[in-house]
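What follows is the residue order along each chain.
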Amino acid sequence: MKVQLLDLHAQYENIMSEIKEEMDKVLAEHNYILGHQVKDFEATVESYLKSKHAIACASGTDALVLALRALNVGHGDEVITTPFTFFATAGSIARVGAKPVFVDINEATFNIDADLIEAAITDKTKVIIPVHLFGQPAEMDKIMAIAKKHNLKVIEDNAQGIGSKFDGTYSGTIGDIAILSFFPSKNLGCMGDGGMCLTQDQQLAKDLFQLRKHGENPKYIHKWVGYNSRLDTLQAAVLNVKIKYLEGWSEGRRKNAKLYYEKLADVKEIKLPVIHPKATTVYNQFTLQAERRDELMAFLKENEIGCAIYYPKPLHIQECFNDLGYKEGDLPISEKLAKKAISIPIYTELPEDHQLFVIEKIREFYQK
Ligand SMILES: *Cc1c(COP(=O)(O)O)cnc(C)c1O
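The rules behind these values
- Residues numbered from 1 in each chain as written.
- Predicted model: local features only at pLDDT ≥ 70, side-chain atom pairs only at ≥ 80, totals over all residues.
- Heavy atoms only, no water.
- Axes fitted to C-alpha atoms, helices over the stretch in contact; angles between N-to-C directions.
- Helix = DSSP H or I, 4+ residues; strand = E, 2+ residues; numbered from the N terminus.
- Parallel < 35°, antiparallel > 145°, perpendicular 65-115°, else oblique.
- Left-handed = near helix turned anticlockwise from the far one by under 90°.
- Contact = heavy atoms within 4.5 Å.
- Nonpolar A, V, L, I, M, F, W, Y, C, P; charged D, E, K, R; others polar.
- Buried < 20%, exposed > 50% of the residue type's maximum accessible area, 1.4 Å probe, protein only.
- Domains from an automatic or database assignment.
- Buried area = accessible area lost by both parts, 1.4 Å probe.
- Salt bridge = Lys/Arg side-chain N within 4 Å of Asp/Glu carboxyl O.
- Polar contact = N/O pair within 3.5 Å; in protein donor to acceptor, adjacent residues only side chain to side chain.
- Near = heavy atom within 4 Å.
- Pairing = 2+ DSSP bridges.

### Digging into the packing of helix 8 (residues 246-264) against helix 11 (residues 352-367)
Here helix 8 crosses helix 11 at 30°, and the two axes come no closer than 11 Å. One finds that helix 8 runs roughly parallel with respect to helix 11. As for how helix 8 packs across helix 11, the hand of that crossing is right-handed. Contact residues: helix 8 offers N256, L259, Y260, K263 and L264, while helix 11 offers E352, Q355, L356, V358, I359, I362 and R363. In the contact of helix 8 with helix 11, the residues fall into seven nonpolar, two polar and three charged.

This is the structure we're talking about:
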């Protein structure tokens, strides 16, 4: 039996006719750039997440750059974030000329350890970027309190967590700005690249709209240099169909997670994901901490079970950040979990017999 880590075709089959219909409309209208579908999608996200403003753009990475620029982050500024994330989080900080400052993670949740943030604040710190990793929000209550106390801004990297909640509030609506990604493997994925900024602040929303279109306002008048970073109308058309299903898909992921918790709880060599009591996760990944991780991974691959390591090398020890002066051992929890993390299939349409096979093979591996 071949088990995929993520099967996009299974999702597509269920909504194919709707998607084609909406794409056909764009093809007939030729409104490829900022057609009404983009505005419709922004409005839908605003009402779904109860966010005052949503600004669609070309990718989650671009959304991070736009957010940092809107908060005037640049040379000489420091931005605190986690080293245990997709590269774009820290890459974007460097791209606007600022310095990423890495704070170690919480061993239970993989998210930035909020209790370590204050010690990393200097007079150059401007922003904190928590990442809601694997779909689980970071500790936003503590992080917002620290930001307030030190007069810092917060950008939520919610690329993996659309629909998740912290203390009953949708993540992405708590910080000053939040970003979303619609990369195909995210919980709400389009058919290419796509992203979005969310904010509750009207002035920031205005600035973000300008920045995504060359910093232009009004037409051909430029107070600052922006980007060409728009969500394609075709992608917005796809997302307008998919977003109607998102809550159901998140529920499906949580249901699959429940089966893993039931059937793997007694395997001492693995630690199942720990969810913070105030968090509602959407399980973009279901990530175990496994003893003999590399051997387990090889065994699962031999048995044609899709699995992956997110993330094998923390960002503070990536070559491109050598000049920041970190060395191995500086952020021990991140380094330890990079050697233990393994993500197994959790997508909504995962057939139950496939999931039971994954469970059986994991159990078999540790009984050997
Ligand atoms: C995917 C991702 C991004 C970047 O999104 P893209 O749309 O691929 O540019 C940023 N941060 C995190 C945590 C991500 O998972």
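On we go from here.
### Considerations on unusual backbone geometry
Along the chain, N217 connects to P218 via a cis peptide bond; the corresponding omega equals -10°. Tracing the sequence through the fold places P218 in the loop between helix 6 (202-212) and helix 7 (233-242). The omega torsion of the bond from Y310 to Y311 falls at 5°, within 30 degrees of zero and hence cis. Here Y311 is to be found in the loop between helix 9 (293-302) and helix 10 (332-338). Here the phi dihedral of F110 falls at roughly 75°; this positive angle occurs in a residue that is not glycine. Tracing the chain through its elements places F110 in the loop between strand 3 (99-102) and strand 4 (125-129). The phi angle at Y220 is positive, at roughly 70°, despite the residue not being glycine. Residue position: Y220 is located in the loop between helix 6 and helix 7.

### Brief notes about the environment of G215
Structurally, G215 can be placed in the loop between helix 6 and helix 7. Exposure remark for G215: the relative accessible area of 1% places this residue in the buried category. Those residues in contact with G215 that sit more than four places away from it in its chain are Q210, I221, H222, K223, W224, G226 and Y227.

### Regarding the domain arrangement of the protein chain
Split by domain assignment, the protein chain resolves into domain 1 (15-244) and domain 2 (246-367). Each of domain 1 and domain 2 has a C-alpha centre, and the two are 24 Å apart. If you look at the interface, domain 1 gives 45 residues, while domain 2 gives 35 residues. Across the domain 1/domain 2 interface, buried area totals approximately 3,500 Å², and carbon plus sulfur atoms make up 60% of it. Area buried by domain 1 at its contact with domain 2 is led by E107, F134 and N187, which between them contribute 21% of it. At the junction of domain 1 with domain 2, the criterion picks out two salt bridges. Where E107 meets K336, a salt bridge forms, and the shortest distance between an N and an O atom there is 2.6 Å. Where domain 1 touches domain 2, the interface holds 22 residue pairs in polar contact (both at pLDDT 80 or more). Breaking the side of domain 1 that touches domain 2 down by element, the ones donating at least two residues are helix 4 (88-95), strand 3 and strand 6 (165-166). Residue composition of the side of domain 1 that touches domain 2, grouped by class: 23 nonpolar, 12 polar and 10 charged.

### Digging into the site of the ligand
Residues in close proximity to the ligand total 15 residues, the closest being G60, T61, D157, S181 and K186. A distance of 2.5 Å is found between an oxygen atom of the ligand and a side-chain nitrogen or oxygen belonging to T61. Take Q160: an N or O atom from its side chain is 2.8 Å from an oxygen atom of the ligand. Elements with a contribution of two residues or more to the shell around the ligand: helix 3 (60-70) and helix 4. A breakdown of the residues in the shell around the ligand according to their chemical character gives five nonpolar, eight polar and two charged.

### Focus: the pairing of strand 5 (residues 153-157)
Most of strand 5 is tucked away, with four of its five residues classed as buried. By the bridge criterion, two bridges tie strand 4 to strand 5 in an arrangement that is parallel. Bridging across to strand 5, I128 finds its partner in V154. Looking at chain direction, strand 5 and strand 8 (residues 177-181) are connected through three bridges and run parallel. Across the sheet, the residue bridging to E156 is A178, located in strand 8.

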